[in-house]
There are 2 protein chains.
Amino acid sequence: MPRMKYVSDNGALELLSTINPNSNVSVYVQLENLIHFGIASGKLKGKDRLPPARELAEKLDINMNTVSKAYRDLVVMGLLTTRRGLGVFINEGVEEQCKQFCRKTIVQHLYEAVSEGVTAGFSPDEIRGIVDKVFQTEPVPYGKPPASLEL
Amino acid sequence: MPRMKYVSDNGALELLSTINPNSNVSVYVQLENLIHFGIASGKLKGKDRLPPARELAEKLDINMNTVSKAYRDLVVMGLLTTRRGLGVFINEGVEEQCKQFCRKTIVQHLYEAVSEGVTAGFSPDEIRGIVDKVFQTEPVPYGKPPASLEL
């Protein structure tokens, strides 16, 4: 019997398709972060099945080992469970853990970016202006900022 | 005659001392960014001498090759000039180049951090709140965010 094709009945494939191999952030870190963000925001839920590593790798044109590494890390962190022959599933009851991870990650990154701006001599209003412009875009964390931001 | 000790008559040593070997950002990238920020903000100026790689490495407890790599990259970018026996100096007339680099870098990092927040389900007001709290701190781009931000 041929292996069952993954049918995207949740937002996982769409969410994970936003990775960017050209970002400075490692692809496996992007995948791990996006899965955390998806669970924290409620877009992904306990019992949701994730795309098989092989299919996701083909779809995104990345190495299957990269996907496997991210999934394995998240298994270790207690977020995912691999069921032999069935696939990779999100555990139930991990929302709070994900929210804490996201809070820590995002505070760290905002602190870094804003501090860089202040150190480079940007005024608070200039920085707030850039932040407000991001809200007007369709945010893709690891994508190239839209041209509207680069003025 | 012993080698002349570097005397900090500009803000370079203080600025570069804020690097953090535990950051996710490579130390040589931190050094390169901080020198760009310093020139863009006017804290460092053309003709300023930078600390010798060996002394900076000892002071910051990092590998001398890391400092050399950053200095060499910045020479290639046209920001620095090495004068044999005299040291490493900031070129004149590079402010505009540095400001453009900083704008691009900071827009990219703000876009990434804010997009991560939105994707994780943070509201614009939550994100603005974190940004405003950063302005109330002494910002150290690659440092650990102060506890006041982690609420």
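Residues numbered from 1 in each chain as written. Chains lettered and ligands numbered in written order. Predicted model: local features only at pLDDT ≥ 70, side-chain atom pairs only at ≥ 80, totals over all residues.

Visitor: I'm lost on the relation of the copies chain B and chain A in this one. Help?
Guide: The second copy of the chain is related to the first by a rotation about an axis and a shift along the axis. Superposing chain B onto chain A takes a rotation of 180 degrees combined with a translation of 0.0 Å along the rotation axis, leaving an RMSD of 0.0 Å. What the superposition gives is, in effect, a two-fold axis relating one chain to the other. Rotation axis and chain B: the residue whose C-alpha lies nearest the axis is Leu-110 of chain B, separated from it by 3.4 Å. Residue by residue, 100% of the interface of chain B is reproduced at the interface of chain A, so both copies engage with the same surface. (Least-squares fit on C-alpha atoms with pLDDT ≥ 70 in both. Contact = placed C-beta atoms within 7 Å.)

Visitor: When you look at the pairing of strand β3 (residues 87–90) of chain B in this model, what are you seeing that I'm missing?
Guide: Both faces of the sheet carry side chains from a regular strand, because those side chains alternate between them. All names here are of chain B. Sheet topology places strand β1 (residues 49–50) next to β3; two bridges connect them, and they run antiparallel. By the bridge assignment for β3, Arg-49 is matched with Phe-89. In this structure, strand β2 (residues 80–83) lies alongside β3, joined through four bridges in antiparallel fashion. The partner of Arg-83 across the bridge, within β3, is Gly-87. (Pairing = 2+ DSSP bridges. Helix = DSSP H or I, 4+ residues; strand = E, 2+ residues; numbered from the N terminus.)

Visitor: What is the right way to read the sheet that holds strand β2 (residues 80–83) of chain A from this model?
Guide: In a beta sheet, neighbouring strands are held together by backbone hydrogen bonds and run either parallel or antiparallel to one another. Residue and element names in this part refer to chain A. A sheet is described by the order of its strands in space; here three strands give the open sequence β1-β3-β2, paired in antiparallel fashion. Unpaired on one side and paired on the other, β1 (49–50) and β2 mark the two borders of the sheet. Sitting on the sheet, helix α4 (residues 64–76) touches β2 and β3 (87–90), and the angle it makes with β2 is about 110 degrees. (Axes fitted to C-alpha atoms, helices over the stretch in contact; angles between N-to-C directions.)

Visitor: Help me out: how do you make sense of the sheet that holds β3 of chain B in this one?
Guide: Residues and elements named next belong to chain B. The three strands are arranged β1-β3-β2 in an open sheet whose pairing can be described as antiparallel. Each edge of the open sheet is held by one strand with a lone partner, namely β1 and β2. Most of the contacts of helix α4 (residues 64–76) go to β2, to which it runs at about 115 degrees, and overall it touches β2 and β3.

Visitor: Which parts of the structure should I look at to understand the interface of chain B and chain A?
Guide: A common way to express how large an interface is: the accessible area buried when the components associate. Residue-level contacts link 39 residues of chain B with 39 residues of chain A. Looking at the side of chain B that touches chain A, the elements with two or more residues in it are α2 (27–41), α5 (95–119) and α6 (124–135) of chain B. The element contributing the most residues to the side of chain B that touches chain A is α5 of chain B, with 17 residues. For the side of chain B that touches chain A, the per-class residue count stands at 24 nonpolar, ten polar and five charged. (Nonpolar A, V, L, I, M, F, W, Y, C, P; charged D, E, K, R; others polar.)

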